[in-house]
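Architecture at a glance
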Amino acid sequence: MSEPKPKSFEISKWAVWDAYRRVKANKGAAGVDGESIKEFERDLHGNLYKLWNRLSSGSYMPPPVRAVEIPKKDGSSRTLGVPTVADRIAQTVVRGYLEPDVEPVFHADSYGYRPGRSALDAVGVCRERCWRQDWVLDLDIRAFFDRVPWDLVLKAVAHHTDQRWILMYVERWLKAPLQREDGSLVERDRGTPQGSAISPLLANMFLHYAVDAWMARAYPGVRFERYCDDVIVHAVSERQALQLRAAIARRLAECGLELNEHKTRIVYCKDSDRRGSHEHESFTFLGYTFRPRLVTCPG
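These notes cover the structure that comes with them. These figures come from a predicted structure and were not determined experimentally. (Residues numbered from 1 in each chain as written. Predicted model: local features only at pLDDT ≥ 70, side-chain atom pairs only at ≥ 80, totals over all residues. Heavy atoms only, no water.)

**Things to note about the state of the cysteines**
Counted by the stated rule, this structure contains 0 disulfides. Cys130 takes part in no disulfide bond, and the closest cysteine sulfur to it belongs to Cys269, at a distance of 3.9 Å. Residue Cys269 is classed as buried on the basis of its relative accessible area, which comes to 4%. (Disulfide = S-S within 2.5 Å. Buried < 20%, exposed > 50% of the residue type's maximum accessible area, 1.4 Å probe, protein only.)

In structure tokens, the structure reads:
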């Protein structure tokens, strides 16, 4: 009897099983194949073995991502990408291997989609810093998930792993087309679908180098909070806020992105101790509105 053919890549079966449990816990809709988690579970062990086998042999090819249009408050819409159940499990496998290596490197003021951190943590820190500094730069990156450059994402991934299969599958997921409701395919040359299991980690890796690490080098005294692509920067004066906006716009352009000038605002954190007025005296961060208040900094 011949020996089993060795796999190209060493991927743990337990990692695939654990990824399935995480995907099941997160629930989520069916992808382009119409298969729900419940339907996937009808042959759970067979489906997981087949997925592990393909991942380990290097033959796994992601299917298209189902495009779902979500209306926004301003009347426009954003496109979510819904992978199939099997593809979400495969992405979660890769995330499980990659995340422990990159998580310790991330900036202390990065809060989005990270273990043990939440939007409330970011809001609380932002509130405290608004007490201490008069000005805020409320940044809006134009269509981040649609425009992030693949080459720089892959460069960030390659910086943190020597596992060839991780880089290979990340590249395949980046290049997977979107499938509209009418069945037509949309080929892409940039961006990472918002809604996939791997996209939040890829977004954090990219923005760590594009924003966080750069800010720490160029402006070590400037405080900020970032929750994925939502960024608040604190400034001691309107002049500094203007300088930061110009510098960050240049930095984003270097990284293939663009500041949305219409939505990016300089805000005066007015309270009972701060006199004068400014065009913008309130801003919303992660669903919480910061506006002029009567309380002063404690202590």
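So, next bit.
**Quick look at the sheet that holds strand E7 (residues 230–235)**
Adjacent strands of a sheet pair through backbone hydrogen bonds, lying either parallel or antiparallel. Spatially, E6-E7-E3-E8 is the arrangement adopted by the 4 strands of the open sheet, whose pairing is antiparallel. Where the open sheet ends on each side, the last strands, each with one partner, are strand E6 (224–227) and strand E8 (265–268). Here the strands of the sheet are splayed against their neighbours by 15° on average, with no regard to which way each runs. Where strand E3 (residues 135–140) meets E7, 6 bridges bridge the pair, whose relative direction is antiparallel. Residue pairing across strands places Val136 opposite His234, the latter belonging to E7. (Pairing = 2+ DSSP bridges. Helix = DSSP H or I, 4+ residues; strand = E, 2+ residues; numbered from the N terminus. Axes fitted to C-alpha atoms, helices over the stretch in contact; angles between N-to-C directions.)

**Some remarks on the pairing of E7**
Within E7, 5 of the 6 residues are buried, which leaves it mostly tucked inside the rest of the structure. Between E6 and the antiparallel strand that follows it, E7, lie 2 residues; Cys228 among them carries a positive phi value of about 55°.

**Observations regarding the packing of helix H4 (residues 85–102) against helix H8 (residues 164–175)**
Where H4 meets H8, the axes come as close as 11 Å, and the angle between the chain directions of the two elements is 140°. Of the possible angle classes, the one that applies to H4 and H8 is oblique. In this structure, H4 meets H8 at a crossing whose hand is left-handed. For the pair H4 and H8, the contacting residues are Asp87, Ala90, Gln91, Val93, Val94, Tyr97 and Leu98 in the first and Trp165, Ile166, Tyr169, Val170 and Trp173 in the second. Partitioning the contact of H4 with H8 into residue classes produces 10 nonpolar, 1 polar and 1 charged. (Parallel < 35°, antiparallel > 145°, perpendicular 65-115°, else oblique. Left-handed = near helix turned anticlockwise from the far one by under 90°. Contact = heavy atoms within 4.5 Å. Nonpolar A, V, L, I, M, F, W, Y, C, P; charged D, E, K, R; others polar.)

**Some points on the environment of Ser282**
With respect to the helices and strands, the residue Ser282 is situated in the loop between E8 and strand E9 (283–285). For Ser282, a relative accessible area of 28% gives the class partly exposed. The spacing of Ser282 and Tyr268 is 14 residues in sequence and 7.4 Å in space, taken between C-alpha atoms. Setting aside residues up to four positions removed in sequence, Ser282 forms contacts with Arg265, Val267, Phe290 and Arg291.

**Digging into the pairing of E3**
Across the 6 residues that make up E3, a large majority, 5, are buried. As defined by bridge partners, E3 adjoins E8 across 4 bridges and the pair is classed as antiparallel. From the neighbouring strand, Leu137 faces E8, where its bridge partner is Ile266.

**Concerning the environment of Gly31**
By secondary structure assignment, the location of Gly31 is in the loop between helix H1 (13–26) and helix H2 (37–40). A residue is classified by how much of its surface remains accessible, and Gly31, at 4% relative accessible area, is buried. Here the alpha-carbon distance between Gly31 and Gly81, two residues 50 residues apart in the chain, equals 8.7 Å. With residues near it in sequence (within four places) discarded, Gly31 still touches Arg66, Val82, Pro83 and Thr84.

**Section: the pattern of salt bridges**
Going through the model one piece at a time under the given rule, you end up with 14 salt bridges. In this structure, Glu103 and Arg114 form a salt bridge, with 2.7 Å as the shortest nitrogen-oxygen distance. Note that Glu103 is positioned in the loop between H4 and helix H5 (119–132) and Arg114 in the loop between H4 and H5, a separation of 11 residues in sequence. Comparing Glu103 with Arg114 shows no difference in burial state: the two are buried. In this structure, the salt-bridge partner of Arg147 is Glu258, at a minimum N-O distance of 3.0 Å. With Arg147 in helix H6 (residues 144–147) and Glu258 in the loop between helix H10 (238–254) and E8, this pair connects stretches of sequence that are 111 residues apart. Overall, the relative accessible area of 30% leaves Arg147 in the partly exposed class. Through salt bridges with shared partners, a single ionic network connects Asp18, Arg21 and Arg22. (Salt bridge = Lys/Arg side-chain N within 4 Å of Asp/Glu carboxyl O.)

**Remarks on H10**
A rise of 1.5 Å per residue sets the reference length of H10, with its 17 residues, at 24 Å; its end C-alpha atoms lie 25 Å apart and thus fit the reference within 8%. Inspection of H10 places Ala241, Leu244, Ala247, Ile248, Arg251 and Leu252 among the buried residues, and these make up the whole buried set. Along the axis of H10, the buried residues cluster in a sector spanning 135°; they form a single face. Exposed positions of H10 whose direction lies more than 90 degrees from the buried face are Arg239, Arg250 and Ala253. Looking at the buried residues of H10, the elements they touch are E3, helix H9 (199–218), E7 and E8. In the segment just after H10, Gly256 is the residue with positive phi, at about 80°. (Expected span 1.5 Å × (residues − 1). Arc of directions from axis to C-beta.)

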